[in-house]
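Okay, here's what each chain looks like letter by letter:
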Amino acid sequence: MIHLRKVFSRRSLAVDPAHMITLHQEAIEQLELMHTATEAAEQASDGVRDALNTIAENHWEEYTDIIHMISMHDEHFATVMKKHGFTMRDNESADNERQFYGSRLLLLALLLGLIRRHRRFAYFYGLRSNPMGDYIKESIAMEREHVAVMIGMVQNMM
């Protein structure tokens, strides 16, 4: 009789701070590009506005893909997202066009808020062996909650 050893453990992997910084920086890039397209659409006329809205929607989709990647590497983030009712993959069909509902000013403010939150994540992940470790852990937990709530607001507007 052969006894097989369990090679893989269910132990969670440590989060790689450099990789998380890169993911949050990419999230910031997508949000900034979406913000620019949304802001420009406000000043544009029919055809150009539609094109800019499509560009903004594409950046939102890219952003949600990055959120999915962040959730894959940060189980606490994934837990918060699930708690707020988000699935990690949006199963919308590609033919399903998004429509914008709500205030563009509110959308722009939410995008700027998300950008600031991701900058804080990148900053926190950049701190290593900091004596304020407990404060940073609590801050990251709060930021996860705030990001999830803000994502929900934007998602409901689109």
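The structure displayed is predicted, hence computed values, not measured ones.

A. Broad picture of the overall build of the protein chain. In terms of regular secondary structure, the protein chain is built from five helices and zero strands. Listed N to C, the secondary structure of the protein chain is α-α-α-α-α in terms of helices and strands. Each of the 158 residues in the protein chain was classed as buried or not, and the buried ones make up 37%. Sequence separation of 24 or more characterises 77% of the internal contacts of the protein chain that already satisfy a separation of 6 or more. Total accessible area computed for the protein chain in this model is approximately 10,400 Å², and 54% of it derives from carbon and sulfur atoms.

B. Representation of the confidence of the model for the protein chain. Averaged over every residue, the pLDDT of the protein chain is 83; residues scoring 70 or more account for 79%. When mean pLDDT is compared element by element in the protein chain, helix α1 (residues 17–43) scores highest at 94, while helix α5 (residues 133–157) scores lowest at 88. In the predicted structure, residues 1–11 sits below a pLDDT of 50 and forms zero contacts with residues beyond four places in sequence or in another chain. Scored below 50 in pLDDT, residues 90–95 shows five contacts in the model against residues more than four places distant or in partner chains.

C. Quick look at the packing of helix α2 (residues 46–73) against helix α4 (residues 104–126). The geometry of α2 relative to α4 is characterised by a closest axis approach of 14 Å and an angle of 30° between their N-to-C directions. As for how α2 packs across α4, the hand of that crossing is left-handed. Taken together, the residues of α4 that come into contact with α2 (itself represented by Asn53, Trp60, Tyr63, Ile67 and Ile70) are Arg104, Leu111, Leu114 and His118. Here the contact of α2 with α4 is built from residues that sort into six nonpolar, two polar and one charged.

D. Expanded view of the pattern of salt bridges. In total, this model carries seven salt bridges according to the counting rule given. Note that Arg117 and Glu143 form a salt bridge whose closest N and O atoms lie 2.9 Å from each other. With Arg117 in helix α4 and Glu143 in helix α5, this residue pair connects regions lying 26 residues apart in the sequence. Look at Arg117 and you get partly exposed, because its relative accessible area is 22%. Three or more residues are tied together by salt bridges with common partners; here these are Arg117, Arg120 and Glu143.

E. Summary view of the environment of Met157. Within the secondary structure layout, Met157 lies in helix α5. Spatially, the C-alpha atom of Met157 lies 8.3 Å from that of Ser103, the residues being 54 residues apart in sequence.

F. Representation of the packing of aromatic side chains in the model. According to the stated counting rule, one finds three aromatic pairs in the structure shown. A ring pair is formed by Phe77 and Phe121, whose centres lie 6.2 Å apart and whose planes are at 75°; its orientation type is edge-to-face. Within this pair, whereas Phe77 is found in helix α3 (residues 75–83), its partner Phe121 is found in helix α4, the two being separated by 44 residues in sequence. By relative accessible area, which is 0% here, Phe77 ends up buried.

G. Up close: the nonpolar core. By size, the foremost hydrophobic cluster in this structure holds 36 residues, and its most contacted members are Met34, Trp60, Tyr63, Leu114, Ile151 and Val154. Breaking this core down by element, the ones donating at least two residues are α1, α2, α3, α4 and α5. Among all residues touching Met34, those that are not within four sequence positions of it are Ala56, His59, Trp60, Leu107, Leu111, Val154 and Met158.

H. Looking closely at the side chain of Asp74. Position of Asp74 among the secondary structure elements: in the loop between α2 and α3. One polar contact links Asp74 to Arg144, side chain to side chain, over a distance of 3.0 Å.

Criteria and cut-off values
Residues numbered from 1 in each chain as written. Predicted model: local features only at pLDDT ≥ 70, side-chain atom pairs only at ≥ 80, totals over all residues. Heavy atoms only, no water. Helix = DSSP H or I, 4+ residues; strand = E, 2+ residues; numbered from the N terminus. Buried < 20%, exposed > 50% of the residue type's maximum accessible area, 1.4 Å probe, protein only. Contact = heavy atoms within 4.5 Å. Areas by Shrake-Rupley, 256 points an atom, 1.4 Å probe, with all protein chains shown as cover. pLDDT = per-residue confidence, 0-100. Axes fitted to C-alpha atoms, helices over the stretch in contact; angles between N-to-C directions. Left-handed = near helix turned anticlockwise from the far one by under 90°. Nonpolar A, V, L, I, M, F, W, Y, C, P; charged D, E, K, R; others polar. Salt bridge = Lys/Arg side-chain N within 4 Å of Asp/Glu carboxyl O. Phe/Tyr/Trp six-rings, centres within 6.5 Å; stacked < 30°, edge-to-face > 60°. Core = buried A, V, L, I, M, F, W, Y, C linked by side-chain atoms within 4.5 Å. Polar contact = N/O pair within 3.5 Å; in protein donor to acceptor, adjacent residues only side chain to side chain.

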